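Chain by chain, the residues run as shown.
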Amino acid sequence: MKTVGYAAHSPTSGLEPYEFSRRELRGNDVAIEILYSGICHSDLHTVHGDWGEQPYPLIPGHEIIGKVIDVGPEVKKYKVGDSVGVGCMVDSCQTCDQCHNHEEQYCREGMTATYGSEDRITGEITQGGYSKHIVAREEFVLKISDKLDISKAAPILCAGITTYSPLKTWNVKKGTRVGVIGLGGLGHMAVKLASAMGAEVTVISRSTDKEKEAKAIGGKAILSSRDESALEAAASSFDLIIDTVPVKHDFDTYTPLLDIDGTHVIVGQVGEMDEPVTAPLIMGRRRIAGSLIGGIKETQEVLDFCAEHNIHPDCEVIKPEQINEAWDKLQKENPSHRYVIDMTNLKVS
Ligand code: NAP
Ligand code: ZN
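Residues numbered from 1 in each chain as written. Chains lettered and ligands numbered in written order. Predicted model: local features only at pLDDT ≥ 70, side-chain atom pairs only at ≥ 80, totals over all residues. Heavy atoms only, no water.

Caption draft 1: Spotlight on the packing of helix 3 (residues 159-169) against helix 8 (residues 296-308). At a minimum axis distance of 9 Å, the contact between helix 3 and helix 8 shows a crossing angle of 100 degrees. In this view, helix 3 runs roughly perpendicular relative to helix 8, as classed from their interaxial angle. For the pair helix 3 and helix 8, contact is made by Gly-160, Ile-161, Tyr-164, Ser-165 and Lys-168 and by Glu-298, Thr-299, Glu-301, Val-302 and Phe-305, respectively. Class assignment for the residues of the contact of helix 3 with helix 8 results in 4 nonpolar, 3 polar and 3 charged. (Axes fitted to C-alpha atoms, helices over the stretch in contact; angles between N-to-C directions. Helix = DSSP H or I, 4+ residues; strand = E, 2+ residues; numbered from the N terminus. Parallel < 35°, antiparallel > 145°, perpendicular 65-115°, else oblique. Contact = heavy atoms within 4.5 Å. Nonpolar A, V, L, I, M, F, W, Y, C, P; charged D, E, K, R; others polar.)

As structure tokens, then:
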């Protein structure tokens, strides 16, 4: 199928319209017309080469919402016209213990990412959601409830699941004291989801400038990570910290904020961190952990959780021509919402 997307041709080139083909449907494939596609900070990291060399041209995007336009003969769950989503993965081995355990993100053979990965059958490079169409195997396609506004649901597919998964893993419930570092795309979803689970949520930001935004989405308080006395006053006051900071930073500012047995979960920075001092870990059985997106079953769970609790990401909808500008703003202005690209008017020539 001939289609069009916005591709980067090098780490520094910016994104531009690019015509390419999606594969012919395999038996278990679903063809989707993409309507909305979220912009995740991982798209920038990947294209810029922060996580290693990439195959170009590369079309990023792994927060995808659209409608089914065709299905392969073996597809059971979906039919033409259904609202569906695709997140960060499009395939995995389906046979290892992790895949059997519904944690395809930790597939022993490595999952196939929505963009920049080799297709398991043809070796072709996968291309993501900043495009008009996508083809994905049924097992990696998510159902989108009628209760969700499809123009605002896309960020649930990455920002939502990436924060929901550690909240569930660390058993967040009514009264759990949760700190969220960085009020951006992931951070604002962490606040909404943890609040809906009954947690007391504090946003930990580089200043208190985002106080209004933090409180509007369910945060009880905002703590500046640059205010020594405020940090001291908040010592030992969190059970769980979700850390969404996208660059190298230090642990030592945050570990003392955890109570005994508290956990600091890194979801943001993939790579080096400043060396941590171990005393606050040892003295309080505190832990540092990490977490990668979530499995397909859990992604369906967070989509359904959002539908049930009427949770929508805060989205600023943009046109495809504004992608480069949005990338720039994401880096320079650090908005506390997600940019979502409206693909509905993108035309294949
Ligand atoms: P984002 O929208 O840009 O938000 C990041 C937030 O971090 C900013 O709003 C800002 O919040 C804070 N921040 C930015 N620069 C900072 C700096 N130099 N020092 C300290 N804080 C800073 O990004 P995102 O889309 O939420 O993604 C966040 C990170 O998660 C990215 O690295 C992304 O690749 C990663 N990610 C990981 C997974 C996973 O599976 N683990 C999945 C998706 C994304 P304040 O202004 O409030 O300080
Ligand atoms: Zn993402």
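Caption draft 2: Just the site of ligand 1, in detail. Around ligand 1, the surrounding shell holds 27 residues, and the nearest of these are His-41, Ser-205, Lys-210, Ile-293 and Arg-338. One of the backbone nitrogen or oxygen atoms of Gly-185 is found 2.8 Å away from an oxygen atom of ligand 1. Ser-291 has a polar backbone atom sitting 2.9 Å from a nitrogen atom of ligand 1. Burial of ligand 1 by the surrounding chains reaches 90%, relative to a free accessible area of 930 Å². Every element with two or more residues in the shell around ligand 1 is listed here: helix 1 (41-48) and helix 4 (185-196). (Near = heavy atom within 4 Å. Polar contact = N/O pair within 3.5 Å; in protein donor to acceptor, adjacent residues only side chain to side chain. Areas by Shrake-Rupley, 256 points an atom, 1.4 Å probe, with all protein chains shown as cover.)

Caption draft 3: Up close: the environment of Cys-306. The topology assignment puts Cys-306 in helix 8. Taking the C-alpha atoms as reference points, Cys-306 and Met-89, separated by 217 residues in sequence, lie 20 Å from one another. Those residues in contact with Cys-306, other than ones at most four positions away along the chain, are Leu-148, Ile-156, Met-189, Leu-193 and Ile-311.

Caption draft 4: Representation of the packing of aromatic side chains within the structure. Scanning all chains against the criterion turns up 3 aromatic pairs. Ring centres of Tyr-18 and Phe-20 lie 5.9 Å apart, and the angle between their planes is 10 degrees; this geometry places the pair in the stacked category. Its relative accessible area of 24% is what places Tyr-18 among the partly exposed residues. Judged by its relative accessible area of 10%, Phe-20 falls in the buried class. (Phe/Tyr/Trp six-rings, centres within 6.5 Å; stacked < 30°, edge-to-face > 60°. Buried < 20%, exposed > 50% of the residue type's maximum accessible area, 1.4 Å probe, protein only.)

Read these as layout, nothing more, since geometry by itself doesn't imply function.
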